[in-house]
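Tertiary structure, described
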Amino acid sequence: RRPTTTALTLAGALLLAFALSFVLESRALTYAGALLLACLSLLTAFVLWRMPTAPLDAAPVKMKIVAGDTSRAGLSFNVKGGLPVLLLLDTAEPWIHLSPRGLRAVKGLTECDAMVTPPLSGPGRPQLTARLTDPWGRIQTTQTLQPLELNVIPRARYAAWLAKSG
């Protein structure tokens, strides 16, 4: 978990205004800065309390697929902690396409489709990266998931099986 750029910028601006209030000897600015810093601190503490370090659970999906073929898998995720979050799912594998793409607001259960076209055979558990941000944009958590359990069958073995059975 780490603070977002927005949270750091806001905290820096508030601290600067608070420090300037003493230089300018402005009580109104001092009180306003103290009140806003207290609100920001309480909101950040609330988010840290409610958002777990691993806020996403993924149900494993087992797939058998022939190398080079495309198959669709429905992935389901559960957001823990009770807060709605902004979720961004991504993968480093060029042969996995996730939809819907982009940032979306979720709470509780959510689903995603994965189109998988593995180029090589063998077992595999490709990684997905989930970036979750709290609804106020203060804290971002990055989590690595492996919801797909792939068993990729080589084309030659599949062709031999077809020849024997047909």
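Counting secondary structure elements, the protein chain contains three helices and 12 strands. Here the protein chain has a C-alpha radius of gyration of 24 Å; the compact-globule value for 166 residues is 15 Å, and the former is much larger. In terms of its C-alpha atoms, the protein chain occupies a principal-axis envelope of roughly 90 × 25 × 20 Å. If you sum the accessible surface of the protein chain, you get close to 9,900 Å²; carbon and sulfur atoms cover 61% of it. In the protein chain, 17 side chains carry a positive charge and 9 a negative one; their mean positions are 4 Å apart.

Two aromatic rings are characterised by how far apart their centres lie and by the angle between their planes. Inspection of every chain in the model, using the stated rule, returns three aromatic pairs. Here Phe46 and Trp136 contribute two aromatic rings whose centre-to-centre distance is 6.2 Å and whose plane-to-plane angle is 70 degrees, an arrangement assigned as edge-to-face. Of this pair, Phe46 sits in helix α2 (residues 27–50) while Trp136 is found in the loop between β10 (128–133) and β11 (139–145), placing the two residues 90 residues apart along the sequence. Note on Phe46: relative accessible area 30%, which makes it partly exposed. Residue classification places Trp136 among the partly exposed positions, given a relative accessible area of 39%. Taken together, the aromatic side chains of Phe46, Trp49 and Trp136 make up a single cluster linked through ring pairs.

With that settled, consider a nonpolar patch on the surface. A grouping of Leu16, Leu20, Val23, Leu24 and Leu29 is seen on the molecular surface, where their side chains present a nonpolar patch of about 480 Å² in accessible area. Of all the elements, helix α1 (residues 5–23) adds the most residues to the nonpolar patch, at three residues. Topologically, Leu29 is positioned in helix α2.

Attention now moves to the side chain of Arg138. Inspection of the secondary structure assignment puts Arg138 in the loop between β10 and β11. For the buried Arg138, no salt bridge is present, and the opposite-charge side chain at shortest range is Asp134, 6.0 Å distant. The residues contacting Arg138, other than those within four sequence positions of it, are Arg2, Pro3, Thr4, Thr6, Ala7, Leu10, Leu40, Leu43 and Thr44.

Within the largest apolar cluster, 27 residues are counted, with the highest numbers of intra-cluster contacts made by Leu56, Leu75, Phe77, Leu98 and Leu148. Residue assignment for this core shows that the elements contributing at least two residues are β3 (61–66), β4 (71–79), β5 (85–91), β6 (96–99), β8 (109–116), β10 and β12 (148–153). By residue number, the principal contributor to this core is β4, which donates four residues. Ignoring any residue separated from it by four or fewer positions in sequence, one finds Leu56 in contact with Phe77, Asn78, Val79, Lys80, Leu87, Ala130, Leu132, Gln143 and Leu145.

Relative to the helices and strands, Val66 resides in strand β3. Judged by its relative accessible area of 9%, Val66 falls in the buried class. Along the sequence, Val66 and Gly122 sit 56 residues apart, while their C-alpha atoms lie 9.8 Å from each other.

The next thing to look at is the sheet that holds β12. Strand order in the open sheet formed by three strands is β3-β12-β9, and the pairing between neighbours is mixed. Strands with a single pairing partner mark the edges of an open sheet, and in this sheet they are β3 and β9 (122–124). On average, each strand axis in the sheet is tilted by 15 degrees relative to the strand beside it, whichever way the strands run. Strand direction decides the pairing type here: β3 and β12, joined by six bridges, are parallel. Bridge pairing in β12 links Met63 to Leu150.

Rules and cut-offs
- Residues numbered from 1 in each chain as written.
- Predicted model: local features only at pLDDT ≥ 70, side-chain atom pairs only at ≥ 80, totals over all residues.
- Heavy atoms only, no water.
- Helix = DSSP H or I, 4+ residues; strand = E, 2+ residues; numbered from the N terminus.
- Rg over C-alpha atoms; globule rule 2.2 N^0.38 Å.
- Areas by Shrake-Rupley, 256 points an atom, 1.4 Å probe, with all protein chains shown as cover.
- Lys, Arg positive; Asp, Glu negative; His and termini not counted.
- Charge placed at Lys NZ, Arg CZ, Asp CG, Glu CD.
- Phe/Tyr/Trp six-rings, centres within 6.5 Å; stacked < 30°, edge-to-face > 60°.
- Buried < 20%, exposed > 50% of the residue type's maximum accessible area, 1.4 Å probe, protein only.
- Patch = residues over 30% accessible without salt bridge, like charges linked within 9 Å, V, L, I, M, F, W, Y side chains within 5 Å.
- Salt bridge = Lys/Arg side-chain N within 4 Å of Asp/Glu carboxyl O.
- Contact = heavy atoms within 4.5 Å.
- Core = buried A, V, L, I, M, F, W, Y, C linked by side-chain atoms within 4.5 Å.
- Pairing = 2+ DSSP bridges.
- Axes fitted to C-alpha atoms, helices over the stretch in contact; angles between N-to-C directions.

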